[in-house]
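# Reading the structure
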Amino acid sequence: MASSSLAFPTLQPQFQSLKNKSTSKPSTRRLSFRTIRASVSEKPSVSAPGVTVPPPENTKLPIRKIPGDYGLPLVGPFKDRMDYFYNQGRENFFKSKVLKYGSTVFRANMGPGPFIAPNPQVVVLLDGKSFPVLFDVTKVEKKDLFTGTYMPSTELTGGYRILSYLDPSEPMHAKLKKFMFYLLKSRRDHVIPEFKASYTELFTSLEKDLALKGKANFVAANDQAAFNFLARAWFGTEPAQTSLGLDGPGLVSKWVLFNLGPVLSLGLPKYLEDLTIHSFRLPPALIKKNYQRLYDFFYASSSFLLDEAENLGISREEACHNLLFATCFNSFGGMKILFPNMMKWLGRAGAKLHAQLAEEIRSVVQSNGGNVTMRGMEQMPLMKSAVYEALRIEPPVPLQYGKAKRDLIIESHDAAFEVKEGELLFGFQPFATKDPKIFTRAEEFVADRFIGEGEELLKHVLWSNGPETEKPTLGNKQCAGKDFVVLVARLLVVEFFLRYDSFEIEVGKSSLGAAVTVTSLKRARS
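Residues numbered from 1 in each chain as written. Predicted model: local features only at pLDDT ≥ 70, side-chain atom pairs only at ≥ 80, totals over all residues. Heavy atoms only, no water.

## Considerations on the overall build of the protein
To keep it simple, the criterion reads: Strands are runs of DSSP state E lasting at least two residues, helices are runs of H or I lasting at least four, and both sets are numbered from the N terminus onward. Only protein chains enter the accessibility calculation, which uses a 1.4 Å probe; a residue whose area is less than 20% of its type maximum is buried, one above 50% is exposed, and one in between is partly exposed. All accessible-area figures derive from a Shrake-Rupley calculation using a 1.4 Å probe, and residue coverage is judged against the displayed protein chains alone.
Looking only at helices and strands, the protein features 15 helices and twelve strands. For the protein, with 526 residues in total, the buried portion stands at 58%. Looking at the protein as shown, the accessible area adds up to about 22,800 Å², and 54% of this sits on carbon and sulfur atoms.

The structure is reproduced here in structure tokens:
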């Protein structure tokens, strides 16, 4: 999913080119290390058109110097990192600086800093007016900024810079994004039935655990259901019937940790965690065998897609690494964060909202012959609004980055700020999507917020590396699977309230999303 900056330099390992690919067995392929100077993605375009640089923008707001500073070398970045991860926590870190500077635009250091990221200095954008500049690829460059001030070793992705790390100006960006569009289009008829099958298994699992233990771990069950669903819907493969078995979610979670460890908080003792995952990279060699298993699974499952990749001028090897990343990091990772968060907000909203959703969903499904369809879901305004509200109040990927391509003037609600070419811009998305100058009751989950005239506010829902009202294209960085994510989120709500009248939960903390435990499920009255 979500392709923004919840979702990766030196001797780079690359998977050995495969001979006789149409007949070779996945189990015989193994990683082979060799030095590469650049991946295919890095080859310059011979016929790239010239770029006309527009003049700096005019503004009617007063020009203000960007407040804040970066502190002394090493000392400033270390202090900000400790405050961000431990002393204050993420949200209070930003809130304290807004109060200190009287501005939603300021300078600060973003982790991980020393010794992983050589330059942690950013200009922070925390309001709904300044934040969208991070999506404007005419003003900012997105190259190698998917995870922010550092980039994980390409040893974690077969030696390739994956689509998420490419700027639209790079030749391979359009090819790879077109390939992702092909995947989504070619398998679209499988999404709804495979989702129903996979999440029926999840619901059955929850009910069994509730009967035996009095509670059920939604997160663990969702991980398995999400991986099964993606494998079945996109590749027509049943993971349990392959050598991967039920290990997929666990392998992915370990691999994601190696990618995102420097910007996560795992709950370890403060100094132990800081001196390990926040100061030094975890060695990619430790995850090499796990990644190989995932790669073999996707290579064996996607021959029809790899054929299309070659037609687009992408090697089968590079295409497979991108499929793995799009499935496991973007899509599975997005569902791993978004679905528990959605259950959290819906669960906290209470039985009244549950009854309203159940009535709307069941009425529309019944009027459509008992079938769940995309057209039918468009006739469910409360359900659609509730999904958008979950994406607004807690975007699954909260961090966004972009490097200024030229001198810019960036406006907040109250002032304008001059940014110099090459400066790194950073936005914490939940502050922009909970901007009180845009949204009333901004901190509350308001399920019907986007019904009727409220639809006008969708342009301020920014979860997908772009506004909800815009579409992903080959020339922008909006998530290729944006509409897919909205669809599966709607399917979760629809399938859940077709089966249940109401539910109750307990919510804990997790390094990725919410830790949701289901404590009660009230089956729908027949």
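## Examining unusual backbone geometry
Each neighbour pair has its own omega, and for G111 with P112 the value is 10°, a cis peptide bond. With respect to the element layout, P112 can be found in the loop between β3 (105-109) and β4 (121-125). With an omega of 10°, the peptide bond between P114 and F115 qualifies as cis. In this fold, F115 is placed in the loop between β3 and β4. Despite not being glycine, R441 has its phi angle at roughly 50°, a positive value. The residue R441 is located in the loop between α14 (429-433) and α15 (482-499) in this model.

## Quick notes on the packing of aromatic side chains
Stated formally: A pair of Phe, Tyr and Trp rings is counted when the ring centres sit within 6.5 Å of each other, with Trp represented by its six-membered ring. The angle between the planes then sorts it: under 30 degrees is stacked, over 60 is edge-to-face, the rest tilted. Geometrically, a lysine NZ or arginine CZ counts as sitting over a ring once it is within 6 Å of the ring centre and also within 35 degrees of the ring normal.
Taken as a whole and assessed by the stated rule, the structure comprises 40 aromatic pairs. Pairing F195 with Y199 gives two aromatic rings, centres 4.3 Å apart and planes at 10°, and the pair type is stacked. With F195 and Y199 both in helix α4 (residues 188-213) and four residues apart, this pair spans about one turn of that helix. The residues F195 and Y199 share a single accessibility class, namely buried. Pairwise contacts between aromatic rings join Y84, F85, Y86, F93, F94, Y401, F426, F428 and F431 into one cluster. The residue whose ring lies beneath R348 is W345, and the NZ or CZ to ring-centre distance is 5.7 Å. A cation over a ring is seen here: R392 above F439, with NZ or CZ 5.0 Å from the ring centre.

## Notes on the pairing of strand β7 (residues 399-404)
So the rule is basically this: Only when DSSP finds a minimum of two bridges between them are two strands counted as paired.
Within β7, five of the six residues are buried, which leaves it mostly tucked inside the rest of the structure. Strand direction decides the pairing type here: strand β5 (residues 140-141) and β7, joined by two bridges, are antiparallel. Across the sheet, the residue bridging to V140 is A404, located in β7. In the sheet, β7 pairs with strand β10 (residues 424-428) via five bridges, with the strands oriented antiparallel. If you follow Y401 over to β10, its bridge partner there is F426.

## Re the sheet that holds strand β6 (residues 216-217)
Note the threshold: Any pair of residues with heavy atoms lying within 4.5 Å of one another is described as a contacting pair. To obtain each axis, a line is fitted to C-alpha atoms, and for helices this fit is confined to the stretch in contact; angles are then taken between N-to-C directions over 0 to 180 degrees.
Pairing within the open sheet is antiparallel, and its three strands lie in the order β6-β12-β11. Strands with a single pairing partner mark the edges of an open sheet, and in this sheet they are β6 and β11 (500-509). Helix-sheet contacts for α4 involve β6, β11 and β12 (514-523), and the interaxial angle to β12 is about 85°.

## Section: the pairing of β10
The buried fraction of β10 amounts to five of the five residues, a majority that puts the element mostly inside the structure. Of the two faces of β10, the one holding L424, F426 and F428 and the one holding L425 and G427 are both buried throughout. Bridge count for β4 against β10 is three bridges, and the pairing is parallel. Note that in β10 the partner of L125 across the bridge is G427.

## A word on the environment of M380
Following the sequence through the fold, M380 ends up in the loop between α12 (374-377) and α13 (381-393). By relative accessible area, M380 is classed as buried at 1%. Taking the C-alpha atoms as reference points, M380 and V364, 16 residues apart in sequence, are found 7.2 Å from one another. When sequence neighbours within four positions are dropped, the list of residues in contact with M380 reads E360, I361, V364, V365 and V494.

## Details of the UniProt feature "binding site: heme" (unreviewed entry) in the protein
Here is the rule we go by: UniProt positions are given in the numbering used here, feature names are shortened, and annotations may be inferred rather than shown by experiment.
In the numbering used here, UniProt assigns the feature "binding site: heme" (unreviewed entry) to C479. Along the chain, C479 falls in the loop between α14 and α15.

## A few points about the sheet that holds β3
Spatial ordering of the open sheet is given by β3-β4-β10-β7-β5, a layout of five strands whose pairing is mixed. For this open sheet the edge positions go to β3 and β5, each flanked by a neighbour on one side alone. Bridging between β3 and β4 involves five bridges; their strand directions are antiparallel. Bridge pairing links F106 to V124 in β4. The strands that helix α2 (residues 90-101) touches are β3, β4, β7 and β10; relative to β3, the one it contacts most, it runs at about 130°.

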